Amino acid sequence: IGLSNANSAQPTVTLSNNTALPHQQAYILAITDTITFCVDEDTMVMTVYPIPSSPFNMPDTICQYELIGIPYLGSSGLNATYDWTFAGGIPNIASGQGPHQVSWSSPGLHEVALTVTENGCPSPTERDTIFVRTNPTALIGPVNDQCLVGNSFNFQQLGNFGLGATHAWTFWPNASPSTSFIQNPTGIVFSTAGPKIASVRTTDGTCSSLIDSLLFEVFPDPDALWAVLGGVQCFNGNSHQFVANAG
């Protein structure tokens, strides 16, 4: 089977195995002495291994820095080796069956490739692409510190995001309201003095920004302390001095 010339002293052979299991093929070499007509035979058994496959699975689209697992979906044996490349990924190469945890920091289209080798037989290289979306960014604009009485803060989200983005704000401690879900919340009032924090995370589609935070101050109001100097005096010629101290 597969011999180029069965009567040649050095024939070539081409074998294939389209099954999932190895199979064996026996070849018998018979040599006849042309003088004595004596015959000698030798048998060789060849094992033909199937070519492994290298399928894998991953999503079509992910976000920047999103960690995903990429699994091998084939059925290679324990002695198989795996050569993965994740173009622009972290990591960018890997060995072993997986699943491998991979992320991408740069947006755009990136290729993933896998070659499986088993029993000396390499698979065709499987290739696929993944699109990495740009994450939105959160950036809170600066605000001025205020006194406690009459304080009212307005905040702006100055980062990069699409028209359909949503924003999750938190204000603490002792803020009213303590949360907001619009781009630029206004009229945030704090009931106590001291350091305050505003934080926001923006989500655009399935991708979210890192949290941005802003530290600012609400100053306590001064206490008006005053005294009257001069004591009790008669009506005629009385003179009193008022002294104020800001506490």
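Right above here is the structure, for reference.
Definitions and cut-offs
Residues numbered from 1 in each chain as written. Predicted model: local features only at pLDDT ≥ 70, side-chain atom pairs only at ≥ 80, totals over all residues. Heavy atoms only, no water. Salt bridge = Lys/Arg side-chain N within 4 Å of Asp/Glu carboxyl O. Helix = DSSP H or I, 4+ residues; strand = E, 2+ residues; numbered from the N terminus. Buried < 20%, exposed > 50% of the residue type's maximum accessible area, 1.4 Å probe, protein only. Disulfide = S-S within 2.5 Å. Contact = heavy atoms within 4.5 Å. Pairing = 2+ DSSP bridges. Phe/Tyr/Trp six-rings, centres within 6.5 Å; stacked < 30°, edge-to-face > 60°.

Student: Describe the pattern of salt bridges, naming the residues involved and giving the relevant values.
Tutor: Under the definition given, this model contains 1 salt bridge. The residue R127 makes a salt bridge to E111 at a minimum N-O spacing of 3.1 Å. Taken together, the residues span a long stretch of sequence, with R127 in strand β11 (residues 126-133) and E111 in strand β9 (residues 108-118) at a distance of 16 residues. Residue class for E111 comes out partly exposed when judged on its relative accessible area of 34%.

Student: Before we move on, can you summarise the state of the cysteines with the specific residues and values?
Tutor: Under the defined criterion, the tally for this structure stands at 1 disulfide. Paired through a disulfide, C63 and C207 show a sulfur-sulfur distance of 2.0 Å. Handedness of the C63-C207 disulfide follows from its S-S torsion of about -90°: it is left-handed. Of this pair, C63 sits in strand β3 (residues 61-63) while C207 sits in strand β18 (residues 207-208); the two residues are 144 residues apart in sequence, bridging distant segments of the chain. The two residues C63 and C207 agree in class, both being buried.

Student: Which residues make up unusual backbone geometry, and what values do they have?
Tutor: The amide bond that connects G98 to the next residue, P99, takes the cis arrangement and shows omega of 5°. Locating P99 in the fold gives a position in the loop between β7 (93-95) and β8 (100-104). Cis geometry marks the peptide bond from W172 to P173, where omega comes out at -5°. Note that P173 resides in the loop between β13 (166-172) and β14 (175-176). A positive phi angle, close to 70°, is found at Y65, a residue other than glycine. Looking at the secondary structure, you find Y65 in the loop between β3 and β4 (68-70). The exposed category is assigned to Y65, whose relative accessible area is 57%.

Student: So what about the environment of N79? Which residues, and what values?
Tutor: Locating N79 in the fold gives a position in the loop between β4 and β5 (81-86). On the basis of relative accessible area, N79 is assigned to the partly exposed category, the value being 47%. It is 7.4 Å that separates the C-alpha atoms of N79 and N119, two residues lying 40 residues apart in sequence. Apart from residues no more than four positions distant in its own chain, N79 is found in contact with T117, E118 and N119.

Student: Tell me what's going on with the sheet that holds β4, and back it up with residues and numbers.
Tutor: Read across the sheet, 3 strands follow the order β4-β8-β6 without closing on themselves; strand pairing throughout is antiparallel. If you trace the sheet from one side to the other, it starts and ends with β4 and β6 (89-90), each paired once. Strand direction decides the pairing type here: β6 and β8, joined by 2 bridges, are antiparallel. Along β8, the bridge assignment pairs I90 with S103.

Student: Requested: an account of the packing of aromatic side chains, with residues and values cited.
Tutor: Tallied over the full model, the rule gives 11 aromatic pairs. Taking the centre distance of 5.8 Å and the plane angle of 20° together, the rings of W169 and F171 count as stacked. An identical accessibility class is assigned to W169 and F171; each is buried. Grouped by ring-pair contacts, the aromatic residues F153, F155, W169, F171, F190 and F216 constitute a single cluster.

Student: Mind laying out the pairing of β9, listing which residues take part and the relevant values?
Tutor: Most of β9 is tucked away: 8 of the 11 residues are buried. The pairing of β9 with β11 spans 7 bridges and is antiparallel. Its bridge partner being in β11, A113 is matched across the sheet by R127. For β9 and strand β10 (residues 121-122), the ladder comprises 2 bridges, and the chain directions are antiparallel.

Student: For the environment of V149, give the residues involved together with the corresponding values.
Tutor: If you trace the backbone, V149 turns up in the loop between β12 (146-147) and β13. Residue class for V149 comes out exposed when judged on its relative accessible area of 66%. For the pair V149 and S191, spaced 42 residues apart in the sequence, the C-alpha separation amounts to 8.8 Å.

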